[in-house]
Amino acid sequence: MYDLRSDTFTQPSQEMRKAMYLAETGDDVYGEDPTAVKLQEIAAEITGKEESLIVSSGCMGNLIPHMIKGGRGKEVLCAASSHIVQHEIGAVVSLSGTLPVIVPSDNGIMAPDDVRKSIHGYAYDMSETAMIEVENTTSGLIYPLLVMQEIKKTAEEHGLWVHLDGARIFNASVETGIPVREYAAASDDITFCLSKGLGCPAFSVLSSTHGFIKEAKRCRKLLGGGMRQIGILAAAGIYALEHNIGRLKDDHRHRQMISRALEEAGWADIVISSTNMIFFRSQHPVEGIIEAFRRRGVLILREGDMARIVLSLNISDEDAEDVCAIIRDMKTGEFTA
Ligand SMILES: *Cc1c(COP(=O)(O)O)cnc(C)c1O
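In this text, all values refer to a predicted model and were calculated from it rather than measured experimentally. (Residues numbered from 1 in each chain as written. Predicted model: local features only at pLDDT ≥ 70, side-chain atom pairs only at ≥ 80, totals over all residues. Heavy atoms only, no water.)

### Focus: unusual backbone geometry
At the junction of Asn136 and Thr137, the peptide bond is cis and its omega measures out at 0° in the coordinates. On the secondary structure map, Thr137 appears in the loop between strand E7 (128–135) and helix H7 (145–157). A positive phi angle, near 90°, is found at Phe203, a position not held by glycine. Inspection of the secondary structure assignment puts Phe203 in the loop between strand E9 (189–193) and strand E10 (204–208). Overall, Phe203 belongs to the buried group, its relative accessible area being 2%. With phi around 45°, Thr275 is a residue other than glycine that occupies positive phi space. With respect to the helices, strands and loops of the structure, Thr275 is situated in the loop between strand E11 (269–274) and strand E12 (277–281). Among the residues examined, Thr275 registers a relative accessible area of 1% and is labelled buried. (Helix = DSSP H or I, 4+ residues; strand = E, 2+ residues; numbered from the N terminus. Buried < 20%, exposed > 50% of the residue type's maximum accessible area, 1.4 Å probe, protein only.)

### Here's the deal with a nonpolar patch on the surface
On the surface, a cluster of nonpolar side chains totalling about 300 Å² of accessible area is made up of Leu95, Leu222 and Leu223. By secondary structure assignment, the location of Leu223 is in the loop between helix H10 (210–222) and helix H11 (231–243). (Patch = residues over 30% accessible without salt bridge, like charges linked within 9 Å, V, L, I, M, F, W, Y side chains within 5 Å. Areas by Shrake-Rupley, 256 points an atom, 1.4 Å probe, with all protein chains shown as cover. Salt bridge = Lys/Arg side-chain N within 4 Å of Asp/Glu carboxyl O.)

### Examining empty space enclosed by the protein
Taken as a whole and assessed by the stated rule, the structure comprises 2 cavities of 30 Å³ or more. The wall of the largest cavity is formed by Ala167, Arg168, Phe170, Asn171, Cys193, Lys196, Gly197, Leu198 and Leu248. Considering only enclosed or pocket space, the second largest cavity measures out at about 30 Å³ in volume. Around the second largest cavity sit Ala79, Ser82, Gly108, Met110, Glu133, Val134, Glu135, Thr138 and Tyr143, which together line it. In terms of residue count, the dominant contributor to the lining of the second largest cavity is E7 (3 residues). Per-class residue counts for the lining of the second largest cavity are 4 nonpolar, 3 polar and 2 charged. (1 Å grid on protein atoms, 1.4 Å probe; cavity = no way out; pocket = protein on both sides within 12 Å on 5 of 7 lines; lining within 4 Å. Points joined across faces, edges and corners; volume = space filled by probe spheres on them. Nonpolar A, V, L, I, M, F, W, Y, C, P; charged D, E, K, R; others polar.)

### Digging into the site of the ligand
Every residue near the ligand is listed here: Ser57, Gly58, Cys59, Asn62, His83, Glu88, Glu135, Asp165, Ala167, Arg168, Cys193 and Lys196. Within the backbone of Cys59, one N or O atom sits 2.8 Å away from an oxygen atom of the ligand. Between an oxygen atom of the ligand and a side-chain N or O atom of Lys196, the distance comes to 2.7 Å. Contact with the protein chains hides 83% of the accessible area of the ligand, taken as 380 Å² for the molecule alone. (Near = heavy atom within 4 Å. Polar contact = N/O pair within 3.5 Å; in protein donor to acceptor, adjacent residues only side chain to side chain.)

### Digging into the sheet that holds E7
On the basis of which strands lie adjacent, the open sheet formed by 7 strands has the order E2-E10-E9-E8-E7-E3-E4 and mixed pairing. Of all strands in the sheet, those with a lone pairing partner are strand E2 (51–55) and strand E4 (99–103), marking the two edges. Across the sheet, the mean angle from the axis of one strand to that of its neighbour is 25°, orientation sign disregarded. Judged from the 4 bridges that link them, strand E3 (residues 74–79) and E7 form a sheet pairing that is parallel. Along E7, the bridge assignment pairs Val76 with Met131. (Pairing = 2+ DSSP bridges. Axes fitted to C-alpha atoms, helices over the stretch in contact; angles between N-to-C directions.)

### Some words on the layout of surface pockets
Looking at the largest pocket, its volume works out to about 580 Å³. Lining the largest pocket are 30 residues, with His83, His87, Glu135, Glu303 and Arg308 sitting closest to its centre. Going through the elements one at a time, helix H3 (58–69), helix H4 (83–86), E12 and strand E15 (306–310) are the ones with two or more residues in the lining of the largest pocket. Built from parts of two domains, the lining of the largest pocket gets at least three residues from each of domain 1 (12–243) and domain 2 (247–330). In this structure, the second largest pocket occupies an estimated 230 Å³ of space. In this structure, the second largest pocket is lined by Asp28, Val29, Tyr30, Gly31, Val37, Gln40, Leu53, Lys217, Arg218, Arg220, Lys221 and Gly226. Listed by contribution, the elements that provide at least two residues to the lining of the second largest pocket are helix H2 (34–47) and H10. Across the lining of the second largest pocket, the residue classes break down as 4 nonpolar, 3 polar and 5 charged. (Domains from an automatic or database assignment.)

### Notes on the pattern of salt bridges
Under the definition given, this model contains 22 salt bridges. Put simply, Lys152 and Asp188 hold a salt bridge, and the shortest N to O gap is 3.5 Å. Here Lys152, found in helix H7, pairs with Asp188, found in the loop between helix H9 (180–185) and E9; they are 36 residues apart in sequence, far enough to count as distant. Between Glu287 and Arg302 there is a salt bridge whose closest N-O contact spans 2.5 Å. Highlighted residues: Glu287 in helix H13 (residues 286–295) and Arg302 in strand E14 (residues 301–303), separated in sequence by 15 residues. The exposure class of Arg302 is partly exposed, given its relative accessible area of 44%. One salt-bridge network, held together by shared partners, links Arg296, Asp329, Lys331 and Glu334.

Quick look at the structure:
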């Protein structure tokens, strides 16, 4: 089976497992896990922030900034498709009290002007705009750096905090050649996932100022995310940051190959094809298409009325060729639900 459902299905490689096996550990709640400390130092260097903190998941990395900079009666401006709105069980609302206010967007990418229009000043009866959330990549699409910089400038003018959900920021960075720290500089804090395309079993990293990370540690503890000998998992993170960033380009190349095969097949209307993701619609039922792929040994996901394909280190050059051959061989008669 070729698994193109998500880059969260990646498996730790033998080399990564070896690094995990050999990891030095300590009690991280006391800040005494040397491998966790090292991972956090590397992450701070990569993001250009003062300090970094390992968090259990991307969801926790998104929630904590809302606990610190949002809160009851405070608003976060974000796109309708953002992960905090669609896929986090409403945590920013139910656990931090922050109210997401939807800004119009082009497939998740907000225009600075629309962000500006959504900010409002003090009124005794209104919730207060406190922060802006930007997601890069968003559904695989790359936020242009200039757009992020303009949003950051607007935020500064209004005294607002910018949280960057950079779950897949490395995909953006390898595609554009823009260092992660430049994207991160257009935000006040950034979270990125180790557990997706980078191939780790777990963890995300949250980065910002010393003061912010000090508070973030308390929030992590409050959420039950204070963990002990996490060096075993942090070692996977260090391995990934040292070995698995550059190879994301392979995933992007495989995405282009598969995208071309879909285009040529004629039955797929591609909506998004960018970095490691493809979203497409069809005049044939989505369930039928997904089932036809499954019967031919390819797992893909449904997202609304679209089918979603995600490339990751699960897929080699030969696998990508094989998936293209499968697509070319498919007949529309197979797509009945
Ligand atoms: C996956 C993802 C998250 C959440 O990460 P988890 O580790 O699954 O909690 C947050 N934001 C985006 C954009 C994601 O794709």
